[in-house]
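Chain residues, written in single-letter form:
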Amino acid sequence: MRVKICGPKCSLCCTLLSIWGIVQLVSAYACNSVVSVVGLVQLSDGSLFWIKSPAFIEDLSFPDDVLHPVHDDPEKNALDYLLALNESYATIAKNCGIAAALYAVSLIISGWQMWVNKSS
């Protein structure tokens, strides 16, 4: 099927952005590798949430009852906090996986558009 949606430059740009999005969200998740871009060393977001990196503690969301406990038992408060922490990390890691899948769909579509533009 030869439906031209975008031109060659746009399809190339979308392909490169899709590849970078997938690398950013998945590469370290799969193999704990380091991605280097413009001299800055970054680890992939999805894997950092999956391995519960403390660098992202500010990005987590907690229910109010965990942040302002109503129990007098410190062990119960600590357990509630750890459970909420693990749940928040898992939710964000799952969201990064979903975003990587959407980037993969975008890569397929933009790669198809590159093929359509090249063959016409």
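Computed from a predicted structure; not experimentally measured.

Asks: I would appreciate a short explanation of the overall build of the chain in the present structure.
Replies: Helix and strand counts for the chain come out as 4 helices and 2 strands. Along the chain, from the amino end to the carboxyl end, the secondary structure elements read α-β-β-α-α-α. Counting over 120 residues, the chain shows a buried share of 28%. Counted over contacts in the chain with a minimum sequence separation of 6, partners at least 24 positions apart contribute 61%. If you sum the accessible surface of the chain, you get close to 8200 Å²; carbon and sulfur atoms cover 66% of it.

Asks: Explain the nonpolar core here, please?
Replies: Soluble, globular proteins show a tendency: their nonpolar side chains are buried together. Core analysis: the biggest nonpolar cluster contains 7 residues, these being L60, F62, V66, A84, L85, Y89 and I92. Top contributing element to this core by residue count: helix α4 (residues 74-119), with 4 residues. Look past the residues within four positions of A84 in its chain and what remains in contact with it is F62, P63 and V66.

Asks: Teacher, can you tell me more about the environment of S88 here?
Replies: The residue S88 is located in helix α4 in this model. Judged by its relative accessible area of 6%, S88 falls in the buried class. Sequence separation between S88 and I57 is 31 residues; the distance between their C-alpha atoms is 9.7 Å. Those residues in contact with S88 that sit more than four places away from it in its chain are L60 and S61.

Asks: In this structure, what is going on with the side chain of S11? I would like to understand it.
Replies: Of note, S11 is situated in helix α1 (residues 8-31). Overall, S11 belongs to the buried group, its relative accessible area being 0%. Only 3.0 Å separates the side chain of S11 from the backbone oxygen of P8, close enough to count as a polar contact. Once you skip the residues sitting within four places of it in the chain, S11 turns out to touch C6, S110, Q113, M114 and N117.

Asks: What is the right way to read the confidence of the model for the chain from this model?
Replies: In regions of low pLDDT, the predicted coordinates are not meant to be interpreted in detail. Per-residue confidence for the chain gives a mean pLDDT of 75; residues scoring 70 or more make up 75%. Low pLDDT, under 50, characterises residues 28-44; the stretch is placed with 30 contacts to residues that sit more than four places away or in other chains.

Asks: How should the side chain of S110 be read in this particular structure?
Replies: When you line up the elements, S110 lands in helix α4. Among the residues examined, S110 registers a relative accessible area of 4% and is labelled buried.

Asks: How do you make sense of a nonpolar patch on the surface when you look at a structure like this?
Replies: Taken together, the side chains of L12, L16, I19 and M114 present a nonpolar region at the surface, about 330 Å² in accessible area. If one sorts the elements of the nonpolar patch by residue count, α1 sits on top with 3 residues. With respect to the helices and strands, L16 occurs in helix α1.

Asks: Whenever I open this one, the environment of D59 confuses me. Can you help?
Replies: Along the chain, D59 turns up in the loop between α2 (45-50) and α3 (64-67). A relative accessible area of 47% means that D59 is categorised as partly exposed. With 29 residues separating them in the primary sequence, D59 and S88 have C-alpha atoms 9.1 Å apart.

Reading the values: the criteria
- Residues numbered from 1 in each chain as written.
- Predicted model: local features only at pLDDT ≥ 70, side-chain atom pairs only at ≥ 80, totals over all residues.
- Heavy atoms only, no water.
- Helix = DSSP H or I, 4+ residues; strand = E, 2+ residues; numbered from the N terminus.
- Buried < 20%, exposed > 50% of the residue type's maximum accessible area, 1.4 Å probe, protein only.
- Contact = heavy atoms within 4.5 Å.
- Areas by Shrake-Rupley, 256 points an atom, 1.4 Å probe, with all protein chains shown as cover.
- Core = buried A, V, L, I, M, F, W, Y, C linked by side-chain atoms within 4.5 Å.
- Polar contact = N/O pair within 3.5 Å; in protein donor to acceptor, adjacent residues only side chain to side chain.
- pLDDT = per-residue confidence, 0-100.
- Patch = residues over 30% accessible without salt bridge, like charges linked within 9 Å, V, L, I, M, F, W, Y side chains within 5 Å.
- Salt bridge = Lys/Arg side-chain N within 4 Å of Asp/Glu carboxyl O.

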